[in-house]
Amino acid sequence: QVQLVESGGGLVQAGGSLRLSCAASGRTFSTYAMGWFRQAPGKEREFVAAISWSGGSTYYADSVKGRFTISRDNAKKTVFLQMNSLKPEDTAVYYCAVDMAVVAGTRVDEYDYWGQGTQVTVSS
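Here's a quick rundown of the structure.

## Concerning the overall build of the protein
Phase 1 of the analysis: Secondary structure summary: the protein contains zero helices and eleven strands in total.
Phase 2 of the analysis: Taken from the N to the C terminus, the helices and strands of the protein come in the order β-β-β-β-β-β-β-β-β-β-β.
Phase 3 of the analysis: In terms of overall size, the protein behaves like a compact globule, its C-alpha atoms giving a radius of gyration of 13 Å where 124 residues would be expected to give roughly 14 Å.
Phase 4 of the analysis: Its C-alpha atoms give the protein principal-axis dimensions of about 40 × 30 × 25 Å.
Phase 5 of the analysis: Within the protein, buried positions represent 41% of all 124 residues.
Phase 6 of the analysis: For the protein, the exposed area adds up to about 6200 Å²; of that, 48% sits on carbon and sulfur atoms.
Phase 7 of the analysis: Distance from the positive charge centre (12 side chains) to the negative charge centre (11 side chains) of the protein: 6 Å.

Here is the structure:
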């Protein structure tokens, strides 16, 4: 069993930055891939970014590439999402998730455990 707790969300103006954190507990953190997803009101949950167990490989949705950076600290069992140049369309609840597979997935159904989410609101 894995427990995930996100933090760092909030209200920010367009062009601003936020850093999300996801603290994990339970099973060995360093052996699985991690991902960030988001869900806006009335929309399906969508992939944002993912990182391999070692941190050596990262993946991004086209909509955030060049603006968001995913990273992890295995010693602290934490994954981060640095979000720069935020836009109003980035407004959503952001979720971190665990993918027990070797390669980090980009689909919701590839992830095994989910956090409760943290709200990010970007004002124009």
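Now that the structure has been shown, the text picks up again.
## Some details on the sheet that holds strand E1 (residues 2-7)
Phase 1 of the analysis: Reading across from one edge, E1-E3-E8-E7 is the order of the four strands in this open sheet, with antiparallel pairing throughout. Each edge of the open sheet is held by one strand with a lone partner, namely E1 and strand E7 (68-73). The sheet shows a mean angle of 15° between the axes of neighbouring strands, taken without regard to direction.
Phase 2 of the analysis: Direction of pairing for E7 relative to strand E8 (residues 78-83): antiparallel, over a ladder of six bridges. Residue pairing in the sheet places Ser71 in a bridge with Phe80 of E8.

## So, the state of the cysteines
Phase 1 of the analysis: For the coordinates displayed, the defined rule picks out one disulfide.
Phase 2 of the analysis: For Cys22, the disulfide goes to Cys96, at an S-S distance of 1.9 Å. Because the torsion about its S-S bond is 50°, the bridge between Cys22 and Cys96 counts as right-handed. Residue Cys22 is located in strand E3 (residues 18-26), and its partner Cys96 is located in strand E9 (residues 92-99); the two are separated by 74 residues in the primary sequence. Both residues of the pair, Cys22 and Cys96, belong to the buried class.

## Thoughts on the pairing of E7
Phase 1 of the analysis: Of the two faces of E7, the one lined by Phe68, Ile70 and Arg72 is fully buried and the one lined by Thr69, Ser71 and Asp73 carries no buried residue.
Phase 2 of the analysis: Where E7 hands over to E8, the hairpin turn is made up of four residues, of which Lys77 adopts a positive phi near 55°.

Criteria and cut-off values
Residues numbered from 1 in each chain as written. Predicted model: local features only at pLDDT ≥ 70, side-chain atom pairs only at ≥ 80, totals over all residues. Heavy atoms only, no water. Helix = DSSP H or I, 4+ residues; strand = E, 2+ residues; numbered from the N terminus. Rg over C-alpha atoms; globule rule 2.2 N^0.38 Å. Buried < 20%, exposed > 50% of the residue type's maximum accessible area, 1.4 Å probe, protein only. Areas by Shrake-Rupley, 256 points an atom, 1.4 Å probe, with all protein chains shown as cover. Lys, Arg positive; Asp, Glu negative; His and termini not counted. Charge placed at Lys NZ, Arg CZ, Asp CG, Glu CD. Pairing = 2+ DSSP bridges. Axes fitted to C-alpha atoms, helices over the stretch in contact; angles between N-to-C directions. Disulfide = S-S within 2.5 Å.

This is a description of form; function is not addressed.
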